[in-house]
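Secondary and tertiary structure notes
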Amino acid sequence: MTSESVLDVRCKCGGRLKRSATEVEFFGIDFGTKKADVCTKCGSEYLSQELMEELEAEVKRRGLFGLERRGRVAKSGNSLVIRIPKEIADTLKMKRDLPIVIYPSEPRKLVVELEG
Ligand SMILES: [Zn+2]
């Protein structure tokens, strides 16, 4: 079997699809080289249903949902404050006074569980 083969399937642009090894990145996660159908005319990539499911499972496993943000710990009185970006707060339906449980789960990982 060759790594590239022209398929009898057409892209929406009319070009032919070719099975190729391509670098796959999804929600900012590098999945390395995967097989995809690439249009020889416009370059559109078509991932198989199986591969899409694999990528989505991995994104869910990592808990990113494309919402990873960087921030900095702030200080308020004797406590440290971590700001929750609006996109994450909205996605998780977080509101002021929502009860939470907070605990370290790994040496460099903090978990915030939302109650109620
Ligand atoms: Zn195309």
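Residues numbered from 1 in each chain as written. Predicted model: local features only at pLDDT ≥ 70, side-chain atom pairs only at ≥ 80, totals over all residues.

**Comments concerning the overall build of the protein chain**
- Helices and strands together make up the secondary structure of the protein chain, namely two helices and eight strands.
- Moving toward the C terminus, one meets the helices and strands of the protein chain in the order β-β-β-β-α-β-β-α-β-β.
- For the protein chain, the C-alpha radius of gyration of 21 Å lies well beyond 13 Å, the compact-globule estimate for 116 residues.
- Seen through its C-alpha atoms, the protein chain measures out along the principal axes to roughly 65 × 30 × 25 Å.
- Counting the 116 residues in the protein chain, one finds 2% classified as buried.
- Expressed as a percentage of contacts within the protein chain between residues at least 6 apart in sequence, the contacts between residues at least 24 apart total 28%. (Helix = DSSP H or I, 4+ residues; strand = E, 2+ residues; numbered from the N terminus. Rg over C-alpha atoms; globule rule 2.2 N^0.38 Å. Buried ≥ 20, exposed ≤ 12 C-beta atoms within 10 Å, placed from the backbone. Contact = placed C-beta atoms within 7 Å.)

**With respect to the domain arrangement of the protein chain**
- Under the domain assignment used here, the protein chain contains domain 1 (5–62) and domain 2 (74–114).
- One C-alpha centre belongs to domain 1, the other to domain 2, and the line joining them spans 36 Å. (Domains from an automatic or database assignment.)

**Remarks on helix H1 (residues 49–62)**
- Look at H1: 20 Å from first C-alpha to last across 14 residues, which is about the 20 Å you get at 1.5 Å a residue.
- Of all 14 residues in H1, zero are buried, a share of ten percent or less. (Expected span 1.5 Å × (residues − 1).)

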